[in-house]
Structures are given as structure tokens and as C-alpha cells.
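Listed below, chain by chain, are the residues.
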Amino acid sequence: MAGSSIGTLFRITTWGETHGEGLGVVVDGCPAGLSISQEEIQQFLNRRKPGQSKYTTPRKEDDQVEILSGVFEGKTTGTPISMAVYNKNQKSKDYSQIKDIYRPGHADYTYDAKYGIRDYRGGGRSSGRETIGRVAAGAVASKLLAEVGISITAYAKEIGGIAADAEKFHMEEMFQNPFYMPDKEAAARVQEYADQMMKEKDSMGGIIECVVEGLKPGIGDPVFEKLDAGLAKAILSIGAVKGFEIGDGFAAASSNGSANNDAYICRDGDFIKKTNHSGGVLGGISDGSPLVFRAAVKPTPSIAKVQTTAGKDGEEIELSVKGRHDPMIVPRAVVVVESMAAITIADSLLMNMSATMDSVKKIYE
């Protein structure tokens, strides 16, 4: 299977299946001398691990990470960083009923069409559990970015059509509710709706917003290596994500030039924008404003509500998916979006070091 790697200089490769022995990642290209600990990586993984509330899958996994290589005495060595998380609570028998059935909303049929074989135990590589490696790598990338003053914050902007009010944002609130939503009142409404959906054996989707601050102008390359294009690829590679927009996004299509353009002003020799409709990227290159993008996350496809589908034999059947599944993907996907943003920006940052001769000379002075 190709396509398990992303990045040019800061490059990651994830491996493993949801019901296999374990999952993990190899991070190649991280500079030597970055202070990183197993505890720091674990903090990221704790934000996506299952069983945190009744609104996530009840599968009990500690998701304890082990650093196998690339870190010595608390610092990266410049060699590949390999990290693993071992599965301990698989219940593969839960999936025996769908061995020869194509579940609605899943990659069962497409995997069979492509490979002629699939791991039906939870979806194998198409499971959301594959994101463990992304999050572990994202912890490393985020630490690298923090060293140069870049921070990334993602949160649930909307779940089940219930949106957080920007006027009521309190970022600390996102850690006080099970939805990672920075609006207490909106989170309460989501909880009520989620309880209703769970009673109906159904699921819900939502929107994750991500803000990158401290990113200087000049990061990213025009044409095929645009910063926003790289982010779009990275975010859309997350299994449940079905849409990506940056800045005003699709709303820009119904705007006009005079409203959508961001006017510049010069203060103390620095050019800044009065507004940020562009979302922090122009011509594929960062413009120094906060980088703001959103990801649309589909409802969890594994639901207990009866659906119609077909099996390999072509017979139509009614299916109620058994097993342990999230009634919504958004809360646990927040840190995944944050991690993929960090991985993409870290890679762009390192590539930018060779953009000019002055930059090259600074390295070798």
C-alpha cells in the first residue's frame, strides 16, 4: 500500500491497523537537539484516546506511547524518530458479522475493489485509530514550532449544526466540556442534541476550526507547493474530513472584491492587514496574519440504526453495525487536525530555509 507518508523535509510515515498488534509512526527530518519527552507526546495522545466520555467510543485503550528511536537523553538525535502504541483492547469478533458486507459510509467496498482483500476488523488502515501516528508526530512538530514562537490551536466550531458563538469564545472552556467547544452555552446545546441522537442510534458531524499564530510572512511556495494547498491535502487526508476552507472560504464566492480584499497598512516598518479574509495566506505564502482554516467532519458512519446495504454476493440486507463506535468524530479529531497542521507547517518552515541565498549563508556563517 502506497500513500502512508507525507512531507518533504519533515516527513512522516504511519503504520499499523486498528485491530493489529499496534500502530505508530516514523518521523524523519526532525532537526537534532529538539527537547522532547515521552510525556509531552502522551499529552497529545491523551486528547484523542477513546473512552473519555459517553460521547466517544467505550473502547478502553491507554494509548501509551513508546519512543523506539531518535531520542537520546531527552533530545532528538537527527535520526528517524520511531514511536509505537500497542493495541490492548481489540474485540475483533464484533466485526465477524460484516466480513462479507459493505457498510454504508465506509471504505469496505473501495478497499475490495482496489486490493481484492481487506481487513474487516474495524476497517484496518481506514479506521480512525490510524490517526494515532499522526498525533504522535504532531506532538513533535508542535514542539519544533513552539521553539520559533508558532502556536496552533484547534477546537470544535460546530457540532450537529450547533455553532459556537465567536462573541462567547473562552478557549479554556474547550477543556471543560467533552466536545472541545470554546462556548459553554453551545456545548450544553450540543450535549442535549447528542443525547437525542444516541437514543435514536444515530450520529452527527461538525466543523473544526484551527488557528495558527506567530507564523511570519514568507512561508510556503507558489504554484504546486502552496501553504494552503499543503494544508488542504494534509487535512483532507484525515479519514472523516469531507471539506476544507481557509479564511472566508466558500463565503468569498458570494462576496465582492472591495469587501473580500484585505487592505494593508505599514506600522514601524511592518506591513499588516486591516482584515483577514484571506485567512493568513496569499499566493500560497503566509502573509503574517493568523492562519485560519476549517475542516468539515462527516457523521460517524458506524451506527446501530438499521440501514440497507449489500453484501459481496449482491444480496440486499438490513444492517445494524455492532461494536464500539463514537457517536461523533469531532471531539477526538480536534487534536488530529491540530497535528496535521503542525506537521505541514513544520515541513514548510524547514523548506523555507533554502528560499534565499541570505538564508543559506546564515546557516553556514
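A.B. asks: Looking at this structure, I do not really get the pairing of strand β11 (residues 206–213). What am I missing?
C.D. replies: Two faces belong to every sheet, and in a regular strand the side chains alternate between them. Among the eight residues that make up β11, six are buried, leaving the element largely enclosed by the rest of the structure. Pairing analysis gives eight bridges linking strand β9 (residues 151–159) to β11, with the strands arranged antiparallel. Its bridge partner being in β11, Ser151 is matched across the sheet by Glu213. Pairing of β11 with strand β17 (residues 291–297) involves seven bridges; the strand directions are antiparallel. Across the sheet, the residue bridging to Val211 is Val292, located in β17.

A.B. asks: Looking at this model, I keep getting lost on the layout of surface pockets. Mind explaining?
C.D. replies: Once rolled over the atoms, a probe with the size of a water molecule shows which space is left empty. Each pocket or cavity is described by its volume, and for the second largest pocket that value is around 470 Å³. Residue lining of the second largest pocket: 19 residues in total, with Val148, Ile219, Leu349, Leu350 and Met353 positioned closest to the centre. When residues of the lining of the second largest pocket are traced back to their parent elements, those giving at least two are α7 (330–352) and α8 (357–364).

A.B. asks: Whenever I open this one, the packing of aromatic side chains confuses me. Can you help?
C.D. replies: Ring pairs (aromatic) are described by centroid distance and by the angle formed between their planes. Tallying each qualifying case throughout the model produces five aromatic pairs. Note on Tyr155 and Phe169: the rings are 5.3 Å apart at their centroids and 85° apart in plane angle, and the pair reads as edge-to-face. Note that Tyr155 is positioned in strand β9 and Phe169 in the loop between β10 (162–163) and α4 (184–199), a separation of 14 residues in sequence. Geometrically, the ring pair formed by Phe175 and Tyr180 is edge-to-face, given 5.9 Å between the ring centres and 85° between the ring planes. Exposure remark for Phe175: the relative accessible area of 51% places this residue in the exposed category. Taking NZ or CZ as reference, Arg47 lies 5.7 Å from the ring centre of Phe44, over its face.

About the thresholds
- Residues numbered from 1 in each chain as written.
- Predicted model: local features only at pLDDT ≥ 70, side-chain atom pairs only at ≥ 80, totals over all residues.
- Heavy atoms only, no water.
- Buried < 20%, exposed > 50% of the residue type's maximum accessible area, 1.4 Å probe, protein only.
- Helix = DSSP H or I, 4+ residues; strand = E, 2+ residues; numbered from the N terminus.
- Pairing = 2+ DSSP bridges.
- 1 Å grid on protein atoms, 1.4 Å probe; cavity = no way out; pocket = protein on both sides within 12 Å on 5 of 7 lines; lining within 4 Å.
- Points joined across faces, edges and corners; volume = space filled by probe spheres on them.
- Phe/Tyr/Trp six-rings, centres within 6.5 Å; stacked < 30°, edge-to-face > 60°.
- Lys NZ or Arg CZ within 6 Å of the ring centre and 35° of its normal.

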